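Below, each chain spelled out in residue letters.
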Amino acid sequence: MASLTSLLFLLTFFFFVVSADPAVKSYIFRIDRFAKPSIFPTHYHWYSSEFADPASILHVYDTVFHGFSASVSPSQAAALRQHPAVLQSFEDRRRELHTTRSPQFLGLRNRQGLWSESDYGSDVIIGIFDTGIWPERRSFSDLNLGPIPSRWKGVCQTGTKFTARNCNKKIVGARFFSKGHEAAGGFGGGMGGAINETVEFMSPRDADGHGTHTASTAAGRISFQANMSGYAAGIAKGVAPKARLAVYKVCWKDAGCFDSDILAAFDAAVNDGVDVISISIGGGDGISSPYYLDPIAIGSYGAVSRGVFVSSSGGNDGPNGMSVTNLAPWLMTVGAGTIDRNFPADVILGDGRKLAGVSLYAGAPLNGKMYSLVYPGKSGVLSASLCMENSLDPNLVRGKLVICDRGSSARVAKGLVVRKAGGVGMILANGMSNGEGLVGDAHLVPACAVGADEGDAIKSYVASSAVATATINFRGTVIGIKPAPVVAAFSGRGPNGLNPEILKPDLIAPGVNILAAWTDAVGPTGLDSDTRRTEFNILSGTSMACPHVSGAAALLKSAHPDWSPAAIRSAMMTTASIVDNKFLPMTDESSGKPSTPYDFGAGHLNLGRALDPGLVYDITNNDYVNFLCAIGYGPKTIQVITRSPVKCPAKRPAPENLNYPSLVALFPSSGGASSKSFLRTVTNVGPAESVYTVKVEPPKGVKVAVKSAKLAFSEKARKLSYIVTVTLDSNNVVVDESGAVFGSLSWSDGKHVVRSPIVVTQIDPL
């Protein structure tokens, strides 16, 4: 009967092919692998015989996901969806990259703690999903590294300017994925299409720089005399300097990364034998898809369910609320904080005032010479205020310092527009949305970025002065900056837009002005007109924070090979720091006010403490399935994510009972239920005979009760559970502007402190 159904479907499908509309797109099809007729020797034979023409199939997936991607017309895709073996299909989408003191700043020191106990992670393999790698950099030397771990099954895929010799005992494997990208160009999609080999390499070689930077942040070898044009001079090293790197090039210069290629990379990486996956990529539209339509969520579930830790960036759409991306509860979602190093530059006005900014300009200084100051935006023309291409009047700006507003075009590109119009230099002013959040840029003209308040002060000075003048003083590199860390203004913020019961981001890590290795294909700004070449570059973004956590996971995996991905995440979250280097609560760069768990999750990564967390909150594959049942997914939908058929419990579970290291209590805004209970289970990974007592810092206007207030572990009792009951006093609770109040729950045995944030919010479920 099954073969008759297939035959009837096949006839219907080929009817659609004959009468197909000409518009062709790429789709990803999730197939029930158990439905394959035995007549076909492989799934590929089945797919190419029954579903799509062999020439139209882009990738076949068989590890983290079962199915294929293919270029078909919308009507063919609609017909395919009717096939009984098709569980789900979705259109291939384009995603974006979330674009050396930080290891010390994380609490790592040579020859002690995590670095010594893990031999710097030398037995761990980190898979980097990015723009490829520039293998000749010192950061990727394999000098004195031991043999490649015998479990490694990957390959060194050769191509343009990339030979088998470019892999070594450090870069143990490299692959590139372009079929989704190439197929997209044939549809008039703009950014896809044939790889432009005048600016790209049809190989794992990095033409963009982003992938080289993230790879060396996670696992770069120690490089002496590292700097970027004299800035941040010192020793550069990754978080796990001896960890091995496996490179999966899924993103292409100026063209993003396609879902079908990302999913193929997940399939390959898990088969190859990576231990950690680092993916600094997210949705290009700021909207989070449901997990069953999100290839990063699906691919990472397949990886995590096989014991591979996945670290992802939380996106750069902060400080707006609900801007965090990569929300799946099996992923580690990383936000960005500052480090205690900065690159200050001062704007000195003609009236003597000195206003602080930042810059990585390395050309000839202005030497205190005062120049006329002009703000083209005074005319009311938006393009001129933003210093867009061809918007500036040379008669207005020639020989002057020009104030440009941030936004709409690349920050460094604005300086080139100023130079083209005859300007001497630029003051780049933040708007309201960026607040006081600043990142350093390797400007090609004398230029400095200032916060919104300073920008307004400079514009007011220009408006009120008959002759406004200014200069810029570049002060190089300053370390020991206080306060630090501060939550970066751009870092994606909670609450979680898909399931607010799960707090995201999970934590923050260094992501502002990070020095790491760079490609030799482009200059530090990435602009075509930038002919400079540097071994290292300084970048900012949650893209830079994510590989810090990937390297940290490699060290923890090396020190604790039996820990699951959830245990590794728990160790980082429950030991994270919530104070800065002034021992005050961390602040928010955009507002200067104290930050909250919606900004930093559990806190800032503190690797020194994560090695020995005392207790961990572990999560099994079955727990994740129960969570998916709890949020209303049916068995067929869940199978899209889990690959195997599942059965939901008769009584629907509560999503907040997922054994997560943070607690979020949702209450309806209209009143009603005022009490909520959570079940949590902790596993003792410290001394067997340990007794922990609880300490609660309840959110204001909220009562928090814990049953049992004491947990006594022994050789036999390694796992113990407790219940937290949160009661809302609606008369006394005062929520902040994010609509929530915050507290914490900590377990301590006198040596370890195992801390979980508590978030209480009144929100109506979507």
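Rules and cut-offs
- Residues numbered from 1 in each chain as written.
- Predicted model: local features only at pLDDT ≥ 70, side-chain atom pairs only at ≥ 80, totals over all residues.
- Heavy atoms only, no water.
- Helix = DSSP H or I, 4+ residues; strand = E, 2+ residues; numbered from the N terminus.
- Rg over C-alpha atoms; globule rule 2.2 N^0.38 Å.
- Buried < 20%, exposed > 50% of the residue type's maximum accessible area, 1.4 Å probe, protein only.
- Areas by Shrake-Rupley, 256 points an atom, 1.4 Å probe, with all protein chains shown as cover.
- Lys, Arg positive; Asp, Glu negative; His and termini not counted.
- Charge placed at Lys NZ, Arg CZ, Asp CG, Glu CD.
- Contact = heavy atoms within 4.5 Å.
- Disulfide = S-S within 2.5 Å.
- Patch = residues over 30% accessible without salt bridge, like charges linked within 9 Å, V, L, I, M, F, W, Y side chains within 5 Å.
- Salt bridge = Lys/Arg side-chain N within 4 Å of Asp/Glu carboxyl O.
- Pairing = 2+ DSSP bridges.
- Axes fitted to C-alpha atoms, helices over the stretch in contact; angles between N-to-C directions.
- pLDDT = per-residue confidence, 0-100.
- Core = buried A, V, L, I, M, F, W, Y, C linked by side-chain atoms within 4.5 Å.
- Phe/Tyr/Trp six-rings, centres within 6.5 Å; stacked < 30°, edge-to-face > 60°.
- Lys NZ or Arg CZ within 6 Å of the ring centre and 35° of its normal.

**Quick look at the overall build of the chain**
And then number 1: Assigned secondary structure in the chain consists of 19 helices and 37 strands.
And then number 2: A globule of 766 residues ought to have a C-alpha radius of gyration of about 27 Å, and the chain, at 27 Å, matches this closely.
And then number 3: Structurally, the chain occupies a C-alpha span of about 85 × 70 × 60 Å along its principal axes.
And then number 4: Relative to its 766 residues, the chain shows a buried fraction of 59%.
And then number 5: If you sum the accessible surface of the chain, you get close to 28500 Å²; carbon and sulfur atoms cover 54% of it.
And then number 6: Both charge centroids of the chain, one from 70 positive and one from 62 negative side chains, sit 4 Å from each other.

**Some thoughts on the side chain of His213**
And then number 1: Within the secondary structure, His213 is located in helix 7 (residues 210-219).
And then number 2: Judged by relative accessible area, which is 0%, His213 ranks as buried.
And then number 3: When near neighbours in sequence (up to four residues on either side) are disregarded, His213 contacts Ile514, Leu515, Ala516, Ala517, Trp518, Asn537, Ile538, Leu539 and Met544.

**Brief notes about the state of the cysteines**
And then number 1: Tallied over the entire structure, the rule returns four disulfides.
And then number 2: A disulfide bridge connects Cys156 with Cys167, and the sulfur atoms are separated by 2.0 Å. Judged by the sign of its S-S torsion, about 85°, the cystine formed by Cys156 and Cys167 is right-handed. On the criterion of sequence distance, the pair formed by Cys156 in the loop between strand 6 (125-130) and strand 7 (171-176) and Cys167 in the loop between strand 6 and strand 7 is long-range, its members being eleven residues apart.
And then number 3: Accessibility expressed as a relative area gives 13% for Cys167, which makes it buried.
And then number 4: Across a sulfur-sulfur distance of 2.0 Å, Cys629 and Cys648 are joined as a disulfide pair.

**Here's the deal with a nonpolar patch on the surface**
And then number 1: A cluster of nonpolar side chains, contributed by Ile222, Phe224 and Ile235, occupies part of the molecular surface with about 270 Å² of accessible area.
And then number 2: With respect to the helices, strands and loops of the structure, Phe224 is situated in strand 8 (residues 223-228).

**A look at the sheet that holds strand 37 (residues 753-762)**
And then number 1: Overall, mixed pairing links the five strands, which are arranged 30-37-36-32-34 in an open sheet. The open sheet has two edge strands, strand 30 (663-667) and strand 34 (710-713), and neither has a second partner. Sheet twist, expressed as the mean angle between neighbouring strand axes with direction ignored, is 20°.
And then number 2: In this sheet, strand 34 lies alongside strand 32 (residues 690-697) in antiparallel orientation, the contact comprising four bridges. Among the inter-strand pairings, Tyr692 is bridged to a residue of strand 34, identified as Leu711.

**Comments concerning the sheet that holds strand 35 (residues 719-728)**
And then number 1: The strand order 29-31-35-33 describes an open sheet built from four strands, whose pairing is antiparallel. Only two strands of the sheet have a single partner each, and these edge strands are strand 29 (615-616) and strand 33 (702-707).
And then number 2: Pairing analysis gives two bridges linking strand 29 to strand 31 (residues 675-684), with the strands arranged antiparallel. Note on strand 31: the bridge partner recorded for Leu615 is Asn684.

**Quick look at the confidence of the model for the chain**
And then number 1: For the chain, the mean per-residue pLDDT works out to 90, and 92% of the residues sit at or above 70.
And then number 2: Between residues 1-21, whose pLDDT stays under 50, and residues either more than four places distant or in other chains, the model counts 25 contacts.
And then number 3: pLDDT under 50 marks residues 186-190. Its contacts with residues more than four places away, or in other chains, come to five contacts.

**What about unusual backbone geometry?**
And then number 1: With omega at 0°, the peptide bond leading from Gly494 into Pro495 counts as cis.
And then number 2: Here Pro495 is to be found in the loop between strand 25 (478-479) and strand 26 (507-510).
And then number 3: Cis geometry is found at the peptide bond from Lys504 to Pro505, where omega equals 0°.
And then number 4: Residue position: Pro505 is located in the loop between strand 25 and strand 26.
And then number 5: At Asn367, a residue that is not glycine, the phi angle is positive and equals roughly 55°.
And then number 6: Classification of Asn367 as exposed rests on a relative accessible area of 69%.
And then number 7: Unlike most non-glycine residues, Asn513 shows phi in positive territory, near 55°.
And then number 8: With respect to the element layout, Asn513 can be found in the loop between strand 26 and strand 27 (514-517).

**A look at the environment of Ile235**
And then number 1: Here Ile235 is to be found in strand 9 (residues 231-236).
And then number 2: In the structure, Ile235 is positioned ten residues away from Gln225 in sequence and 5.8 Å away in space, judged by C-alpha atoms.

**Here we look at the pattern of salt bridges**
And then number 1: Scanning all chains against the criterion turns up 23 salt bridges.
And then number 2: Two residues, Glu389 and Lys420, come together in a salt bridge whose shortest N-O distance is 2.7 Å. In this pair, Glu389 is assigned in the loop between helix 10 (382-385) and helix 11 (394-397) and Lys420 in helix 12 (residues 411-420), connecting sequence segments 31 residues apart.
And then number 3: A salt bridge links Lys504 to Asp506, with the shortest nitrogen-to-oxygen separation between them at 2.9 Å. Exposure class is identical for Lys504 and Asp506. Each is buried.

**Some words on the nonpolar core**
And then number 1: Ranked by size, the top nonpolar core spans 104 residues in total, and within it Phe129, Tyr248, Tyr291, Trp330 and Met572 carry the most contacts.
And then number 2: For this core, the leading source of residues is helix 8 (residues 259-272), giving eight residues.
And then number 3: Sequence-distant contacts of Trp330, that is, excluding residues within four places in its chain, are made with Tyr291, Ala297, Ser300, Tyr301, Val304, Arg569, Tyr624, Leu628 and Ile641.

**A closer look at the packing of aromatic side chains**
And then number 1: Inspection of every chain in the model, using the stated rule, returns 23 aromatic pairs.
And then number 2: With centroids separated by 5.2 Å and ring planes inclined at 80°, the aromatic side chains of Tyr292 and Tyr633 adopt a geometry described as edge-to-face. With Tyr292 in the loop between strand 14 (281-283) and helix 9 (295-304) and Tyr633 in the loop between helix 18 (621-630) and helix 19 (635-642), this residue pair connects regions lying 341 residues apart in the sequence.
And then number 3: Under the relative-accessibility criterion, Tyr292 is labelled partly exposed at 21%.
And then number 4: Judged by its relative accessible area of 13%, Tyr633 falls in the buried class.
And then number 5: When the centroid spacing of 5.7 Å and the interplanar angle of 85° are considered together, the rings of Trp330 and Tyr624 count as edge-to-face. Here Tyr624 lies in helix 18 and Trp330 lies in the loop between strand 15 (309-313) and strand 16 (332-337), a separation of 294 residues in the sequence. Comparing Trp330 with Tyr624, the two get one shared label, buried.
And then number 6: Note that Arg30 overlies the ring of Phe65, its terminal NZ or CZ placed 5.6 Å from the centroid.
And then number 7: Over the ring of Trp134 we find Arg205, and its NZ or CZ is 4.4 Å from the ring centre.

**Topic: the side chain of Lys253**
And then number 1: Considering the arrangement of structural elements, one finds Lys253 in the loop between strand 11 (251-252) and strand 12 (256-258).
And then number 2: Sequence-distant contacts of Lys253, defined by excluding residues within four places in its chain, comprise Val199, Glu200, Ala207, Asp208, Val522 and Gly526.

**Description of the pairing of strand 15**
And then number 1: Counting buried positions over the five residues of strand 15 gives five, a clear majority of the element.
And then number 2: Side chains of strand 15 alternate between two faces, with Phe309, Ser311 and Ser313 and Val310 and Ser312 buried alike.
And then number 3: The sheet contact formed by strand 13 (residues 276-279) and strand 15 spans four bridges and is parallel. Looking at the pairing, Ile277 lines up with Val310 of strand 15.
And then number 4: When strand 15 meets strand 16, the two strands line up parallel, connected through three bridges. Bridging from a neighbouring strand, Ser312 pairs with Thr333 of strand 16.

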